[in-house]
Amino acid sequence: PVSLLIFLSPTPFAGLWSPTAALATLRRQLDPAPIVSIGSAAALTLPFTGSLALPASGARRLTGCEAEEGAISFAWSVRCAGGSDAGFCADARTDCAAAELLVTGRLLPPGVPCQFEVVGCNEDGNCAEPQAVNVTVLDTPLGAVIAGGVKRSIATDRPLTLDARGSVDVDDPGLVL
């Protein structure tokens, strides 16, 4: 680490400059924003019942004036077309401050493209440009269930009634078909 001794002369604008503020400003200038990337830059698809990991990585942009070690914090955000992403990061199963974000298909609207964006910042508050990847949850086909099995024997002059009330839409389990 580099230590600097800064002398400030009094000015008529007392209080505008302080040693603490000057050192913080100098530190931010000496420790620039980190370099951040996401493991996959290509658009991704995800089954409704599946999950995938979005790994973010960061590296400090060294200038030679700071220690090599230092933490990079990450913050993820999600925006889906039509604003249908409300609550993704608020869900207890989702850690939007982790370097690797686990995306679960059930937490997103099927068939709607969502943009996942990550920002990485160093301990001085210098942040990298946001990096983004698009994820679309695939619609799951309807699950048709016909009561009584798959084989029927009836006379040609008799009506046939099929009961499919057990059919489900995996994407919307509350939907009555």
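Preceding this section is the structure that the text describes.
Attention here is on the structure that accompanies the text. (Residues numbered from 1 in each chain as written. Predicted model: local features only at pLDDT ≥ 70, side-chain atom pairs only at ≥ 80, totals over all residues. Heavy atoms only, no water.)

### A closer look at the overall build of the protein
What counts is decided by this rule: Secondary structure elements follow DSSP: runs of H or I of four or more residues count as helices, runs of E of two or more count as strands, with numbering from the N terminus. Classification of residues uses two cut-offs on accessible area relative to the type maximum, computed with a 1.4 Å probe and protein chains only: under 20% is buried, over 50% is exposed, and between them is partly exposed. Residue contacts are defined here by distance: any two heavy atoms, one from each residue, within 4.5 Å place the two residues in contact. Residue burial considers only the protein chains on display, and all accessible areas are found by Shrake-Rupley using a 1.4 Å probe.
On a plain count of helices and strands, the protein comes out with 1 helix and 7 strands. Its helices and strands taken in sequence order, the protein reads α-β-β-β-β-β-β-β from the N to the C terminus. With 177 residues in all, the protein has 27% of them scored as buried. A fraction of 61% describes how many contacts in the protein between residues 6 or more apart in sequence connect residues 24 or more apart. When the accessible surface of the protein is summed, it comes to about 11500 Å², and 59% of that surface belongs to carbon and sulfur atoms.

### Re the pairing of strand 4 (residues 72-80)
Within a regular strand, the side chains alternate between the two sheet faces. Applied cut-off: Pairing between two strands requires that DSSP report at least two bridges joining them.
Going residue by residue along strand 4, you find Ile72, Phe74, Trp76, Val78 and Cys80 tucked away on one face and Ser73, Ala75, Ser77 and Arg79 left uncovered on the opposite face. In this sheet, strand 6 (residues 113-122) lies alongside strand 4 in antiparallel orientation, the contact comprising 9 bridges. Looking across to strand 6, one finds that serine 73 is bridged to cysteine 121.

### Considering the sheet that holds strand 5 (residues 100-104)
Going by this rule: Only the stretch in contact is used when fitting a helix axis, every axis being a line fitted to C-alpha atoms; angles between N-to-C directions are given from 0 to 180 degrees.
Here 3 strands make up an open sheet; going across it, the order is 1-3-5 and the pairing antiparallel. Edge positions in the sheet fall to strand 1 (35-38) and strand 5, since each has one partner strand and no second. In this sheet, adjacent strand axes meet at a mean angle of 20 degrees when their direction is disregarded. Sheet analysis places strand 3 (residues 51-59) next to strand 5, joined by 5 bridges and oriented antiparallel. Looking across to strand 5, one finds that serine 51 is bridged to threonine 104.

### Notes on a nonpolar patch on the surface
As a reminder, the rule being used: Patch definition: residues above 30% relative accessible area lacking any salt bridge, with like charges linked at up to 9 Å and the nonpolar side chains Val, Leu, Ile, Met, Phe, Trp and Tyr linked at up to 5 Å. The working definition used for a salt bridge is a side-chain nitrogen of Lys or Arg within 4 Å of a carboxyl oxygen of Asp or Glu.
Residues Ile146, Ile154, Leu160 and Leu162 make up a contiguous nonpolar surface patch of roughly 360 Å² in combined accessible area. Along the chain, isoleucine 154 falls in the segment after strand 7 (131-138). Looking at isoleucine 154, the relative accessible area reads 46%, which means it is partly exposed.

### Quick word on the nonpolar core
Operational definition: Take the buried residues of types Ala, Val, Leu, Ile, Met, Phe, Trp, Tyr and Cys, join any two whose side-chain atoms come within 4.5 Å, and each joined set is a nonpolar core.
Counting residues in each nonpolar core, the largest one holds 25 residues, and the members touching the most others are Leu54, Trp76, Phe88, Leu101, Val103, Leu108 and Phe116. The set of elements that each furnish at least two residues to this core consists of strand 1, strand 3, strand 4, strand 5, strand 6 and strand 7. When neighbours within four sequence positions are excluded, leucine 54 is seen to be in contact with Leu44, Trp76, Ala99, Glu100, Leu101, Val103, Phe116, Val133 and Val135.

### Concerning the state of the cysteines
What makes a disulfide is a covalent bond joining the sulfur atoms belonging to two cysteines. Where we set the bar: For this text, the term disulfide refers to a pair of cysteine sulfurs within 2.5 Å.
Inspection of the entire model under this criterion finds 3 disulfides. Between cysteine 80 and cysteine 114 runs a disulfide, and the two sulfur atoms are separated by 1.9 Å. Judged by the torsion about the S-S bond (105 degrees), the cysteine 80/cysteine 114 disulfide is right-handed. Of the two residues, cysteine 80 sits in strand 4 while cysteine 114 sits in strand 6, which places them 34 residues apart along the sequence. The side chain of cysteine 89 participates in a disulfide bridge whose partner is cysteine 96; the two sulfur atoms lie 2.1 Å from each other. Between cysteine 89 and cysteine 96 the sulfur-sulfur dihedral comes to about -85 degrees; the bridge is accordingly left-handed. Of the residues examined, cysteine 96 reaches a relative accessible area of 12% and is grouped as buried. For the protein, the disulfide bridges join cysteines in the arrangement 1-4, 2-3, 5-6, where the cysteines are counted in sequence order.

### Let's talk about the environment of valine 133
Take valine 133: it is sitting in strand 7. A residue is classified by how much of its surface remains accessible, and valine 133, at 1% relative accessible area, is buried. As for valine 133 and alanine 43, which are separated by 90 residues in sequence, their C-alpha atoms are 6.1 Å apart.

Bear in mind that shape data such as this cannot, by itself, settle questions of function.
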